[in-house]
Amino acid sequence: MAKIVAIANQKGGVGKTTTAINLSACLAYHKKKTLLIDMDPQGNSTTGLGVEKKSIGRSIYDVIINDVAIQDAVVKTPQDRLMLCPSSMDLAGAEVELVSQISRESILKDALSKATDEFDFIIIDCPPSLGLLTLNALTAANSVLVPIQSEYFALEGLTQLMETVKIVQRRLNPSLYLEGVLLTMFNNRTRLSVEVADEVRNHFDAKVYKTAIPRNVRLSEAPSYGLPIVLYDKNSKGAKAYQKFTEEFLAASKR
């Protein structure tokens, strides 16, 4: 049965989509059958894996709004063992359409229940907000993984995210837990990055991964070629960091 991990942070620009793409690709590289679900209306995980939005037939929108089976909405990616359920422009209006739905927070959970035996991991790239799309992801997930940029306002807004997680635990998904916190865009040569890392570790303790993802030009370039970093430049600092992080993730997941 698949482990479902929601990657969430309502603060934009923290490396959430980069982490979703590259964790998924590295899991597939480790021979884990992986499904990445692009729940962000911006669709950056979709284009970052080389899928043209104009060529998409069915998407995650059809799954949560039109009751399409998740298996009928997945597409192949350049990475072996990695499948993608793409985003589409229609997803931008899904929050409004979900308001009137019965059990609106559990629609994704119900859809994924029919596909968990087909994958080892299901990774959900959440939108940078705490609306109904993110609530659906948190209700469906076993755990939530939080990327944090190594900058001055790193912890800004995280209190609200963790409060949302507690509400979901209390009302919708009692078994949801914090998978871990990942430091991104890290530069160990700057005092600020080191201070932020110390602050985050003081706040989240052992839940912070030992591996931090550095700023890396090749990592930034990879999405424009529609490739995860392990296919674009597996010898880059970014690729090595995501491989190391994935090994740490797998060890903690015991899979």
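Shown above is the structure to which this text applies.
As the structure is a prediction and not an experimental result, all values here were calculated from the model.

What counts, and at which threshold
Residues numbered from 1 in each chain as written. Predicted model: local features only at pLDDT ≥ 70, side-chain atom pairs only at ≥ 80, totals over all residues. Heavy atoms only, no water. Helix = DSSP H or I, 4+ residues; strand = E, 2+ residues; numbered from the N terminus. Buried < 20%, exposed > 50% of the residue type's maximum accessible area, 1.4 Å probe, protein only. Contact = heavy atoms within 4.5 Å. Salt bridge = Lys/Arg side-chain N within 4 Å of Asp/Glu carboxyl O. Phe/Tyr/Trp six-rings, centres within 6.5 Å; stacked < 30°, edge-to-face > 60°. Patch = residues over 30% accessible without salt bridge, like charges linked within 9 Å, V, L, I, M, F, W, Y side chains within 5 Å. Areas by Shrake-Rupley, 256 points an atom, 1.4 Å probe, with all protein chains shown as cover. Pairing = 2+ DSSP bridges. Right-handed = clockwise from strand over helix to strand, strands pointing away. Axes fitted to C-alpha atoms, helices over the stretch in contact; angles between N-to-C directions. Parallel < 35°, antiparallel > 145°, perpendicular 65-115°, else oblique. Nonpolar A, V, L, I, M, F, W, Y, C, P; charged D, E, K, R; others polar.

A. Highlighting the overall build of the protein. Helices and strands together make up the secondary structure of the protein, namely 11 helices and 7 strands. Dimensions along the principal axes, computed over C-alpha positions, put the protein at roughly 50 × 40 × 30 Å. Counting the 255 residues in the protein, one finds 56% classified as buried. For the protein, contacts bridging at least 24 residues in sequence account for 79% of all contacts bridging at least 6.

B. Representation of the pattern of salt bridges within the structure. Evaluation of the coordinates by the stated rule reveals 9 salt bridges. Lys-16 is the partner of Asp-40 in a salt bridge, and the nearest nitrogen-oxygen pair spans 3.7 Å. With Asp-40 in the loop between strand S2 (34-38) and helix H2 (44-48) and Lys-16 in helix H1 (residues 16-29), this residue pair connects regions lying 24 residues apart in the sequence. Of the charged contacts in the structure, one is a salt bridge between Glu-195 and Arg-191, with a shortest N-O distance of 2.8 Å. Highlighted residues: Glu-195 and Arg-191, both in helix H8 (residues 191-204), separated by 4 residues, approximately one helical turn. Relative accessible area serves as the criterion here: at 40%, Glu-195 is assigned to the partly exposed category. The network of salt bridges with common partners includes Lys-16, Asp-40 and Asp-125.

C. Spatial organisation of the packing of aromatic side chains. Counted by the stated rule, this structure contains 5 aromatic pairs. Aromatic pair Phe-121 and Phe-249: ring centres 5.6 Å apart, planes at 50°, arrangement tilted. Of this pair, Phe-121 sits in strand S5 (residues 121-125) while Phe-249 is found in helix H11 (residues 237-253), placing the two residues 128 residues apart along the sequence. Judged by its relative accessible area of 0%, Phe-249 falls in the buried class. With centroids separated by 4.9 Å and ring planes inclined at 80°, the aromatic side chains of Tyr-209 and Phe-245 adopt a geometry described as edge-to-face. Taken as a pair, Tyr-209 in the loop between H8 and helix H9 (217-221) and Phe-245 in helix H11 lie far apart in primary sequence, 36 residues in all. Overall, the relative accessible area of 0% leaves Phe-245 in the buried class. The rings of Phe-121, Tyr-209, Tyr-242, Phe-245 and Phe-249 are connected pair by pair, giving a single aromatic cluster.

D. Seen up close, a nonpolar patch on the surface. Together, Tyr-152, Phe-153 and Leu-192 make up a nonpolar patch on the protein surface, roughly 340 Å² of accessible area in all. In this fold, Tyr-152 is placed in the loop between strand S6 (143-149) and helix H7 (158-171).

E. Seen up close, the pairing of strand S7 (residues 177-184). Summarising burial for S7: 7 of the 8 residues are buried, a large majority. Where S6 lies against S7, 7 bridges are found, and the strand directions are parallel. Residue pairing in the sheet places Ser-143 in a bridge with Tyr-177 of S7. Once the chain exits S6 it traverses H7 before rejoining the sheet at S7, and the crossover so formed is right-handed.

F. Spotlight on the sheet that holds strand S3 (residues 75-76). Read from one edge of the open sheet, 7 strands run S3-S4-S2-S5-S1-S6-S7, paired in mixed fashion. The sheet is open, and its two borders are formed by S3 and S7, each paired with just one other strand. Bridge analysis of strand S1 (residues 3-7) against S6 gives 3 bridges, and the strand direction is parallel. Looking across to S6, one finds that Ala-6 is bridged to Val-144. Together, S6 and S7 form the strand contacts of H7, whose direction differs from that of S6 by roughly 180°. Sheet contacts for H11: S1, S5, S6 and S7; angle to S7, the most-contacted strand, approximately 165°.

G. Fine view of the environment of Ala-206. If you trace the backbone, Ala-206 turns up in the loop between H8 and H9. Along the chain, Ala-206 and Gly-180 lie 26 residues apart, while their C-alpha atoms are 8.4 Å from each other.

H. Seen up close, the packing of H1 against H11. Where H1 meets H11, the axes come as close as 9 Å, and the angle between the chain directions of the two elements is 70°. Viewed along their axes, H1 and H11 adopt a mutual orientation that is roughly perpendicular. In contact with Thr-18, Thr-19, Asn-22, Leu-23, Cys-26, Leu-27 and Tyr-29 of H1, H11 contributes Tyr-242, Gln-243, Phe-245, Thr-246, Phe-249 and Leu-250. Taken together, the residues of the contact of H1 with H11 sort by class into 8 nonpolar, 5 polar and no charged.

Just distances and angles here, no functional claims.
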